Amino acid sequence: MKSIQQCGCSRRAFLRGCVVGGLGLAAAGVSAAETRRPAAAPRKLAPVFHEAAFWEPVAGGRVRCLTCPNMCECGEGGITRCRTRVNRGGKLYTMTYSRPCVIYVDALEKNPLYHVAPGSNALATATAGCNLTCTYCQNWDIAQVGPDKTRNMDLSPDALVGKAAERGVKWLTFSYTEPVAYYEYALDAARIARQQGLKVAVVTAGYINPKPLEKLMEISDAFSVTLKGYSQEFYQNVCGGNLETVWQTLRTLAGSGKWLEVVTLIVPGMNDEEQGLRKLARMLAQLNRDIPMHYLRFSPAYKLKHLPQTPVKTLERASQLARQEGLRYVYLSNLPGHSGAHTVCPSCSRTLIERVGFKVLRNQVKNGCCPACRFAIPGINLG
Ligand code: SF4
């Protein structure tokens, strides 16, 4: 659950909690490839100024980034809203290329991606920056700052993919902050990863323009998209974004053949109205009833430390509404031990994949089907 938006934040909060709490690594018996803040890395590593992938010159030496709907425009030396791009001599450059601040071996379930190789691990990475500004971001210390404020590593796309191979993982994921903010690095690393037989997952808030999205889809296998809420007001006031853009991304992904899961972090009193949650679920079900929907529990963080955690009953009600609206696979995350983490056959109600936190305890899916009634369970390499 990533915003980057901060937020990914919501999702990020979720992710970060997992990393910091060690919820999956220890439980899954996995060794971390690197720590999130490598002690050996220098605090100040000069940026590699790599030309941005989508930009255009505007009058007077100014430049405009075309990667996301923010369409940042800046003059010489100006830094963009996501804090990762700069105008140097009338060209737009990214400052996060080859400068990840996170590298971690994580369960795919953490993203969350529950229908993608259950129980498998991925090398997850991120750089500083985000193109949204969610007030509840739980990764704000890396997502709401530029690369000059994080402790970075010197890791080219090639070297990053090499780390995945060293650790014996089959997936590379871009998460924690927002891949849109480090788009160029993610794109090149994904391309190399695919050439070397790895699969690629993108964890994003989906706040991206159509052309960059199209290019990203070409070299990715799965997407986990944070849909932050059901109202434009929430997107605008809490996240600094635009709801319709994210729905457009979801429509594009749902029609692309790429695997898609969606996640919403429910913040008490802000995006928890039944009518809105019902509408959100209905719209998603209209895209495809088989898209897994994850509801995440909010924990007080960043600028919303005064709010309580999401009540369990609110999450359970959201799940109930989503099923009533036709979604077949609805999950509750950030509630370790809750049965809402399990995958249940929509046809015969048999529990197929049992999870505790992000650890898969038992997977009974056989050849992509329920072993009891043969109902086909959608996903990638489910079992
Ligand atoms: S990706 Fe960053 S630099 Fe580009 S338009 Fe969006 S916020 Fe601005």
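Before reading on, note that the structure itself is shown above.
Since the structure is predicted, the reported quantities are computational estimates derived from the model, not experimental observations. (Residues numbered from 1 in each chain as written. Predicted model: local features only at pLDDT ≥ 70, side-chain atom pairs only at ≥ 80, totals over all residues.)

**Some thoughts on the sheet that holds strand S6 (residues 91-94)**
(1) Moving on: The sheet built from 3 strands is open, its strands ordered S1-S6-S5 with antiparallel pairing. The open sheet is flanked by strand S1 (50-51) and strand S5 (85-88), the only strands paired with a single partner.
(2) Moving on: Note: S5 against S6, 4 bridges, orientation antiparallel. By the bridge assignment, Arg85 is partnered in S6 with Thr94. (Pairing = 2+ DSSP bridges. Helix = DSSP H or I, 4+ residues; strand = E, 2+ residues; numbered from the N terminus.)

**Notes on the nonpolar core**
Grouped burial of nonpolar side chains is what soluble globular proteins tend to show.
(1) Moving on: If you look at the biggest cluster of nonpolar residues, it comprises 99 residues, and the most contacted ones within it are Leu172, Ala189, Ala193, Ala201 and Val262.
(2) Moving on: With 8 residues, helix H5 (residues 183-195) is the largest single contributor of residues to this core.
(3) Moving on: Apart from the residues within four sequence positions on either side, Ala201 is in contact with Leu108, Asn111, Leu113, Val116, Ala122, Trp171, Thr173, Ser220, Asp221, Ala222 and Ser224. (Core = buried A, V, L, I, M, F, W, Y, C linked by C-beta atoms within 7 Å. Buried ≥ 20, exposed ≤ 12 C-beta atoms within 10 Å, placed from the backbone. Contact = placed C-beta atoms within 7 Å.)

**Some remarks on helix H9 (residues 274-287)**
(1) Moving on: Over its 14 residues, H9 runs 20 Å from end to end, which matches the ideal 20 Å to within 8%, given 1.5 Å per residue.
(2) Moving on: The set of residues buried in H9 consists of Leu277, Leu280, Ala281 and Leu284. End-on, the buried residues of H9 take up no more than an arc of 95°, which puts them together on one face. Seen from the open side of H9, the exposed residues pointing more than 90 degrees away from its buried face are Gln275 and Gln286.
(3) Moving on: Those residues of H9 that are buried lie in contact with strand S12 (259-266), strand S13 (293-297) and helix H10 (312-324). (Expected span 1.5 Å × (residues − 1). Arc of directions from axis to C-beta.)

**A few points about the site of the ligand**
(1) Moving on: Not every one of the 13 residues close to the ligand is listed here, only the nearest: Cys65, Cys68, Cys72, Thr80 and Cys82.
(2) Moving on: Split by residue class, the shell around the ligand holds 7 nonpolar, 4 polar and 2 charged.
(3) Moving on: Taken together, domain 1 (8-39 + 99-341) and domain 2 (50-94) each give at least three residues to the shell around the ligand, which thus spans both. (Near = placed C-beta within 6 Å. Nonpolar A, V, L, I, M, F, W, Y, C, P; charged D, E, K, R; others polar. Domains from an automatic or database assignment.)

**Structural notes on unusual backbone geometry**
(1) Moving on: Cis peptide bonds are those with omega within 30 degrees of zero, and the linkage from Asn111 to Pro112 qualifies with -15°.
(2) Moving on: Take Pro112: it is sitting in the loop between strand S7 (102-107) and strand S8 (121-126).
(3) Moving on: Notably, Met71 is not glycine yet its phi reads approximately 45°, a positive angle.
(4) Moving on: Summarising the element assignment, Met71 is placed in the loop between strand S3 (63-65) and strand S4 (73-74).
(5) Moving on: Judged by the 14 C-beta atoms lying within 10 Å of it, Met71 falls in the partly exposed class.
(6) Moving on: Of note, the phi angle at Ser98 is positive, near 65°, even though the residue is not glycine.

**Regarding the sheet that holds strand S17 (residues 359-363)**
(1) Moving on: Judged by pairing direction, the sheet is antiparallel, and its 3 strands sit side by side in the order S15-S16-S17 without closing on themselves. In this open sheet, the two strands that pair with only one neighbour each are strand S15 (343-344) and S17.
(2) Moving on: Here strand S16 (residues 351-356) pairs with S17 via 4 bridges, running antiparallel. For Val356, the partnering residue across the bridge sits in S17 and is Lys359.

**Things to note about the pairing of S16**
(1) Moving on: Sheet topology places S15 next to S16; 2 bridges connect them, and they run antiparallel. Each bridged residue has a counterpart across the sheet, and for Thr343 the counterpart in S16 is Ile353.
(2) Moving on: Counted between consecutive antiparallel strands, the loop separating S15 from S16 contains 6 residues, among which Ser349 sits at a positive phi close to 70°.
(3) Moving on: Joining the antiparallel neighbours S16 and S17 is a turn of 2 residues, in which Gly357 adopts a positive phi near 60°.

**Describing the environment of Lys149**
(1) Moving on: You can see Lys149 is positioned in the loop between helix H3 (140-143) and helix H4 (157-167).
(2) Moving on: Distance in space between the C-alpha atoms of Lys149 and Lys44 is 8.4 Å, their sequence separation being 105 residues.

**Quick look at the packing of H9 against H10**
(1) Moving on: Here H9 crosses H10 at 45°, and the two axes come no closer than 8 Å. By the angle class used here, H9 and H10 are oblique. When the axes of H9 and H10 are compared, the crossing they make is right-handed. Only Arg317, Ala318, Leu321 and Ala322 of H10 make contact with H9, whose side of the interface consists of Glu274, Leu277, Arg278 and Ala281.
(2) Moving on: Partitioning the contact of H9 with H10 into residue classes produces 5 nonpolar, no polar and 3 charged. (Axes fitted to C-alpha atoms, helices over the stretch in contact; angles between N-to-C directions. Parallel < 35°, antiparallel > 145°, perpendicular 65-115°, else oblique. Left-handed = near helix turned anticlockwise from the far one by under 90°.)

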